[in-house]
Amino acid sequence: MREQPVTAYDDNNIFAKILRGEIPCVKVYEDDHTLAFMDVMPQAPGHLLVIPKTGSRNILDADPDVLAKTIPVVQKLAVAAKEAFDADGIYVAQFNEPAAGQTVFHLHFHIVPRKDGEPLKPHSGAMADVEMLKAHAEKIKQAL
Ligand code: AMP
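Residues numbered from 1 in each chain as written. Predicted model: local features only at pLDDT ≥ 70, side-chain atom pairs only at ≥ 80, totals over all residues. Heavy atoms only, no water.

What follows deals with the pattern of salt bridges. Opposite charge on two side chains permits them to pair, given that their charged atoms come into close proximity. In total, this model carries seven salt bridges according to the counting rule given. Among the salt bridges present, the one from K53 reaches E30, with a minimum N-O distance of 2.7 Å. Of this pair, K53 sits in the loop between strand 3 (48-52) and helix 2 (64-84) while E30 sits in strand 1 (residues 27-30), and the two are 23 residues apart along the sequence. Accessibility expressed as a relative area gives 31% for K53, which makes it partly exposed. Note that E97 is salt-bridged to R57, the shortest N-O span being 2.8 Å. You can see E97 sitting in the loop between strand 4 (89-93) and strand 5 (109-114) and its partner R57 sitting in the loop between strand 3 and helix 2, a full 40 residues away along the chain. Beyond isolated ion pairs, a larger network of salt bridges with shared partners links D11, R20 and E22. (Salt bridge = Lys/Arg side-chain N within 4 Å of Asp/Glu carboxyl O. Helix = DSSP H or I, 4+ residues; strand = E, 2+ residues; numbered from the N terminus. Buried < 20%, exposed > 50% of the residue type's maximum accessible area, 1.4 Å probe, protein only.)

Between helix 2 and helix 3 (residues 130-143), whose axes approach to 8 Å, the crossing angle comes to 115°. Between helix 2 and helix 3, the interaxial angle falls into the category roughly perpendicular. Helix 2 and helix 3 meet at a crossing whose hand is right-handed. Contacts between helix 2 and helix 3 involve L77, A80, A81, E83 and A84 on the former and, on the latter, K139, I140 and A143. (Axes fitted to C-alpha atoms, helices over the stretch in contact; angles between N-to-C directions. Parallel < 35°, antiparallel > 145°, perpendicular 65-115°, else oblique. Left-handed = near helix turned anticlockwise from the far one by under 90°. Contact = heavy atoms within 4.5 Å.)

A few words now on the site of the ligand. Around the ligand there are 18 residues in total, and D39, G101, H108, H110 and H123 lie nearest to it. Residue V40 places a main-chain N or O atom 3.3 Å away from a nitrogen atom belonging to the ligand. One nitrogen or oxygen atom from the main chain of V104 is found 2.9 Å from an oxygen atom belonging to the ligand. For the ligand, whose accessible area on its own is 510 Å², the fraction buried by protein is 93%. Of all the elements, helix 1 (residues 14-19) adds the most residues to the shell around the ligand, at three residues. The residue inventory of the shell around the ligand, partitioned by class, reads ten nonpolar, seven polar and one charged. (Near = heavy atom within 4 Å. Polar contact = N/O pair within 3.5 Å; in protein donor to acceptor, adjacent residues only side chain to side chain. Areas by Shrake-Rupley, 256 points an atom, 1.4 Å probe, with all protein chains shown as cover. Nonpolar A, V, L, I, M, F, W, Y, C, P; charged D, E, K, R; others polar.)

In terms of nonpolar packing, the biggest core is built from 24 residues, with V28, M38, L48, L77, I111 and I140 touching the most fellow members. Looking at this core, the elements with two or more residues in it are strand 1, strand 2 (34-38), strand 3, helix 2, strand 5 and helix 3. In terms of residue count, the dominant contributor to this core is helix 2 (eight residues). In contact with L77, other than residues within four places in its own chain, are V28, Y29, A36, L48, V50, I111, I140 and L144. Formed by seven residues, the second largest nonpolar core is a distinct cluster that contains F15, L35, L49 and I51. (Core = buried A, V, L, I, M, F, W, Y, C linked by side-chain atoms within 4.5 Å.)

Pasting the structure below:
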């Protein structure tokens, strides 16, 4: 049997489990190709993640057609999050492989509302209260 490369997509990752409905998420948006949900360890209020439904480990192995369907959703949600949180700016981040800070190996884009002078909380820091995340998801949905 041919050996898998070390960077093969593994569908036991937590976002694949969210896509299969095996674990919950605080959903913000869904269409045929993408799902967006609140990050459980937000770096700022309104921090959400956009993932394609097609599995790839990160941008390095992603199908360009999948990226082409995902980026407009990232844009749509960035605009909505900016309005919902009256943000001065939006940070969009996407990490590839552990050396670059990736911890979950299903392609995802972070969308983080930023306010002038307010520092970001640490990446993968404290778990947020789920009721607060639900309230933040509602605010973003209303701005969509
Ligand atoms: P990274 O792979 O470094 O880009 O970051 C993965 C992100 O996923 C981190 O910001 C985590 O807080 C977030 N995260 C991990 N598990 C979950 C989960 N079950 N639901 C929502 N966000 C998660």
